[in-house]
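Now for the letters of each chain:
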Amino acid sequence: QVQLVESGGGLVQAGGSLRLSCAASVRTFSRYAMGWFRQAPGKEREFVAAISWSGGNTYYADSVKGRFTISRTNAKNTVYLQMNSLKPEDTAVYYCALDQDHSDYVGAHGMDYWGKGTLVTVSS
């Protein structure tokens, strides 16, 4: 039913910036939380950032706090991830996720839908 499509990934030098976008293909009536996760080569998928439906609550992994900013525009069912001061260790496939049952982020276990991912490569 709900499909998520990420975009905005690419190659960037260390210290540079990228802005990722995630759009839901179908409008939903629920107030849902959304988030970003990433998986680097040889590592498990990890939490990056999440945002409540209202946008009032945001959550960040310690590794990206102060560098990344998550935001959303509910009218377009879209969530964004502004990534600044990128580091080589940020290199990963970034996945968008949506929790249709909670208006606030409750953890990765609550996510019901996942995008196919967009690759971010940060060169040193």
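Note that the coordinates shown come from a computational prediction; the quantities given were computed from them, not determined experimentally.

Rules and cut-offs
Residues numbered from 1 in each chain as written. Predicted model: local features only at pLDDT ≥ 70, side-chain atom pairs only at ≥ 80, totals over all residues. Heavy atoms only, no water. Helix = DSSP H or I, 4+ residues; strand = E, 2+ residues; numbered from the N terminus. Rg over C-alpha atoms; globule rule 2.2 N^0.38 Å. Buried < 20%, exposed > 50% of the residue type's maximum accessible area, 1.4 Å probe, protein only. Contact = heavy atoms within 4.5 Å. Areas by Shrake-Rupley, 256 points an atom, 1.4 Å probe, with all protein chains shown as cover. Lys, Arg positive; Asp, Glu negative; His and termini not counted. Charge placed at Lys NZ, Arg CZ, Asp CG, Glu CD. Phe/Tyr/Trp six-rings, centres within 6.5 Å; stacked < 30°, edge-to-face > 60°. Lys NZ or Arg CZ within 6 Å of the ring centre and 35° of its normal. Pairing = 2+ DSSP bridges. Axes fitted to C-alpha atoms, helices over the stretch in contact; angles between N-to-C directions.

K.L.:
I keep staring at the overall build of the protein and nothing clicks. Help me out?
P.N.:
Of regular secondary structure, the protein possesses zero helices and 11 strands. Walking the protein from its N terminus toward its C terminus, one meets helices and strands in the order β-β-β-β-β-β-β-β-β-β-β. What you see for the protein is a C-alpha radius of gyration of 13 Å, in line with the 14 Å of a compact globule of 124 residues. In terms of its C-alpha atoms, the protein occupies a principal-axis envelope of roughly 45 × 25 × 25 Å. Counting every position in the protein, which comprises 124 residues, the buried fraction comes to 43%. Taking the intrachain contacts of the protein between residues at least 6 apart in sequence as the baseline, contacts between residues at least 24 apart amount to 58%. For the protein, the computed accessible surface area is about 6500 Å², with 48% contributed by carbon and sulfur atoms. Taken as two groups, the 12 positive and 10 negative side-chain charges of the protein have centres that lie 8 Å from each other.

K.L.:
Got a minute to help me understand the packing of aromatic side chains in this structure?
P.N.:
Working definition: an aromatic ring pair is given by the centre-to-centre distance plus the angle between the planes. All told, the structure shown has four aromatic pairs when counted by the stated rule. Taking 5.0 Å as the distance between ring centres and 15° as the angle between the ring planes, the aromatic pair formed by F47 and Y105 counts as stacked. Placement of F47 in strand β5 (residues 46–51) and of Y105 in the loop between β9 (92–99) and β10 (113–114) is noted, with a sequence separation of 58 residues between them. Residue class for F47 comes out partly exposed when judged on its relative accessible area of 21%. Look at Y59 and Y105: their rings are 5.7 Å apart centre to centre, the planes differ by 45°, and that puts the pair in the tilted class. One end of the pair, Y59, is in strand β6 (residues 58–60); the other, Y105, is in the loop between β9 and β10, with 46 residues separating them in the sequence. Of note, R31 hangs over the ring of W53, and the distance from its end group to the ring centre comes to 5.4 Å. Lying over the aromatic face of Y95, R45 brings its terminal NZ or CZ to 4.0 Å of the ring centre.

K.L.:
Hey, could you run me through the sheet that holds strand β8 (residues 78–83) in this one?
P.N.:
Reading across the sheet, the four strands line up as β1-β3-β8-β7 and stay open at both edges, with antiparallel pairing between neighbours. Two strands lie at the open edges of the sheet, namely β1 (4–7) and β7 (68–73), each paired on one side alone. Mean inter-strand twist for the sheet, computed between neighbouring axes without regard to direction, equals 15°. Here six bridges tie strand β3 (residues 18–24) to β8, and the two strands are oriented antiparallel to one another.

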